[in-house]
Amino acid sequence: MAKPTIGFIGLGLMGRAMVARLQDCGYAVSVLGNRDRSGIEEATARGAVEAASPAQLARASDIVMLCMGTSQQVEARMQGTDGVIAGLRPGTVVIDFGTSLPGSTRMLGEQVAADGCTLLDAPLGRTPSHGREGKLNIMGAGDRAAFDKVRPVLDDLGENVFHLGPLGTGHTIKLINNFFAMTTANAMSEAFAMADKAEVPRQALYDVMSAGPLHSGMMDFVKAYAIDGDAQKLAFSIRNASKDVGYYAQMAQDMNAESLMSACARRALAEAIDEGRGDDLVPQMVEFYAARFGG
């Protein structure tokens, strides 16, 4: 059976890795980028076709994939006279791999369904290097028949591929996951900075905390920078962390629930961005807290 044709929008670090993986697996790919053309040029050098618009890309594709930074960006690519929805052919499956607001996802899903097509949400876990190797964690959700239809493609991209429930469930779980991760990272960052203030060695603090039930992968990611000087173990920017925690709080508000625990992380991340640290990586929040405490 012939492989489906793929249209891919959003060739940042993760998107370009996923496109390269798809090309390795023999898929014909059309691509559409944004400001940074380096991912587009990499893909076209390996045989991808650059589309002139989202609608043109959709018309050439059996599956449309988006890997964008925000719900606003996804909506901008999906809607409008030249958007993806305008170019969809009946039966096309659209997959949003980004971390989006569930309410936005469900709204777009209704618009896609009106054209006889299906939207799935499938946010990602792990890093671009895993994307290049086809070893992502994929949190899929939406119509089960459509999910099963594209499952072979998802299996080429992911090592752990989940179907989690109705449309929006993947984005909901991803936001809860990232809220917990970023709140934990901020707490650990402050803990190291407070140790500095109290003139306690960071290594001593880590030795005690990691010997008990507090020990976690997130603790080790922050420790890798705070003690070993390597921020790349958690290569996720403060700006993206702020967006995701903000989306979590917005999701809670949309359900008439007030998130108490996210408030402190949101404040700290927003203040770090205001100080010009937005492009730093999350483990470098240690420096934000250290500066705040006069360390």
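These figures come from a predicted structure and were not determined experimentally.

**Focus: the packing of aromatic side chains**
Under the defined criterion, the tally for this structure stands at three aromatic pairs. Consider the rings of Phe 179 and Tyr 248, whose centres lie 4.1 Å apart with planes at 5 degrees: the pair is stacked. Linking Phe 179 in helix α9 (residues 169-197) with Tyr 248 in helix α12 (residues 238-254), this pair joins segments that are 69 residues apart in sequence. Using a relative accessible area of 15% as the deciding quantity, one classes Tyr 248 as buried. Between Tyr 289 and Phe 293 the ring centres are 6.4 Å apart and the planes differ by 40 degrees, which places this aromatic pair in the tilted class. The two residues Tyr 289 and Phe 293 agree in class, both being buried. In textbook terms, an aromatic cluster arises when at least three aromatic residues are bridged by ring pairs, as seen for Phe 288, Tyr 289 and Phe 293. The positively charged end of Lys 3 is found above the aromatic ring belonging to Tyr 27, 4.5 Å away from the centroid.

**Overview of the domain arrangement of the chain**
When its domains are assigned, the chain resolves into domain 1 (6-166) and domain 2 (172-294). Computed over C-alpha atoms, the centres of domain 1 and domain 2 are 29 Å apart. Counting from both sides, the interface comprises twelve residues of domain 1 and, opposite them, nine residues of domain 2. Of all residues in domain 1, the largest losses of buried area upon contact with domain 2 belong to Thr 99, Leu 101 and Pro 102, amounting jointly to 54% of the total for that side. The interface formed by domain 1 and domain 2 contains zero salt bridges. Our enumeration of links across domain 1 and domain 2 arrives at five residue pairs in polar contact (both at pLDDT 80 or more). Per-class residue counts for the side of domain 1 that touches domain 2 are six nonpolar, six polar and no charged.

**Observations regarding the sheet that holds strand β7 (residues 124-125)**
Strand order in the open sheet made by the three strands is β7-β8-β9, with mixed pairing throughout. With partners counted over all chains shown, the strands left at the sheet margins are β7 and β9 (158-163), one partner each. Sheet topology places β7 next to strand β8 (residues 136-140); two bridges connect them, and they run antiparallel. Directly across from Gly 125, in β8, lies its bridge partner Asn 137. Packing against the sheet, helix α8 (residues 144-157) makes contact with β8 and β9, and its axis sits at approximately 165 degrees to β9.

**Observations regarding α12**
The periodicity of an α-helix, 3.6 residues per turn, causes residues three or four places apart in sequence to face the same way. Here α12 contains 17 residues, and its C-alpha end-to-end distance of 24 Å stays within 8% of the 24 Å for a straight helix at 1.5 Å per residue. Buried residues dominate α12, accounting for twelve of its 17 residues. Those residues of α12 not exposed but buried are Ile 238, Ala 241, Ser 242, Lys 243, Asp 244, Val 245, Gly 246, Tyr 247, Tyr 248, Ala 249, Met 251 and Ala 252. If you follow the buried residues of α12, they end up packed against α4 (71-78), α6 (102-113), α9, α13 (262-274) and α14 (285-292). Two residues or fewer after α12 comes Asn 256, characterised by a positive phi angle close to 60 degrees.

**Remarks on the pattern of salt bridges**
By the definition in use, this model includes 17 salt bridges. In this structure, Glu 159 engages Arg 126 in a salt bridge whose closest nitrogen and oxygen atoms are separated by 2.5 Å. With Glu 159 in strand β9 and Arg 126 in the loop between β7 and α7 (128-133), this pair connects stretches of sequence that are 33 residues apart. For Glu 159, a relative accessible area of 47% puts it in the partly exposed group. Look at Arg 126 and you get partly exposed, because its relative accessible area is 37%. The salt bridge partner of Asp 148 is Arg 144, with a shortest N-O separation of 3.1 Å. Of this pair, Asp 148 and Arg 144 both sit in helix α8, four residues apart, which is roughly one turn of that helix. Given the relative accessible area of 42%, Asp 148 is considered partly exposed. Judged by relative accessible area, which is 44%, Arg 144 ranks as partly exposed.

**Here's the deal with the environment of Ala 55**
Residue placement: Ala 55 occurs in helix α3 (residues 54-59). Expressed as a C-alpha distance, the spacing of Ala 55 and Met 251, which sit 196 residues apart in the sequence, is 29 Å. Not counting residues up to four positions away in its chain, the partners in contact with Ala 55 are Asp 82, Gly 83, Val 84, Ala 86 and Gly 87.

Rules behind the numbers
Residues numbered from 1 in each chain as written. Predicted model: local features only at pLDDT ≥ 70, side-chain atom pairs only at ≥ 80, totals over all residues. Heavy atoms only, no water. Phe/Tyr/Trp six-rings, centres within 6.5 Å; stacked < 30°, edge-to-face > 60°. Helix = DSSP H or I, 4+ residues; strand = E, 2+ residues; numbered from the N terminus. Buried < 20%, exposed > 50% of the residue type's maximum accessible area, 1.4 Å probe, protein only. Lys NZ or Arg CZ within 6 Å of the ring centre and 35° of its normal. Domains from an automatic or database assignment. Contact = heavy atoms within 4.5 Å. Buried area = accessible area lost by both parts, 1.4 Å probe. Salt bridge = Lys/Arg side-chain N within 4 Å of Asp/Glu carboxyl O. Polar contact = N/O pair within 3.5 Å; in protein donor to acceptor, adjacent residues only side chain to side chain. Nonpolar A, V, L, I, M, F, W, Y, C, P; charged D, E, K, R; others polar. Pairing = 2+ DSSP bridges. Axes fitted to C-alpha atoms, helices over the stretch in contact; angles between N-to-C directions. Expected span 1.5 Å × (residues − 1).

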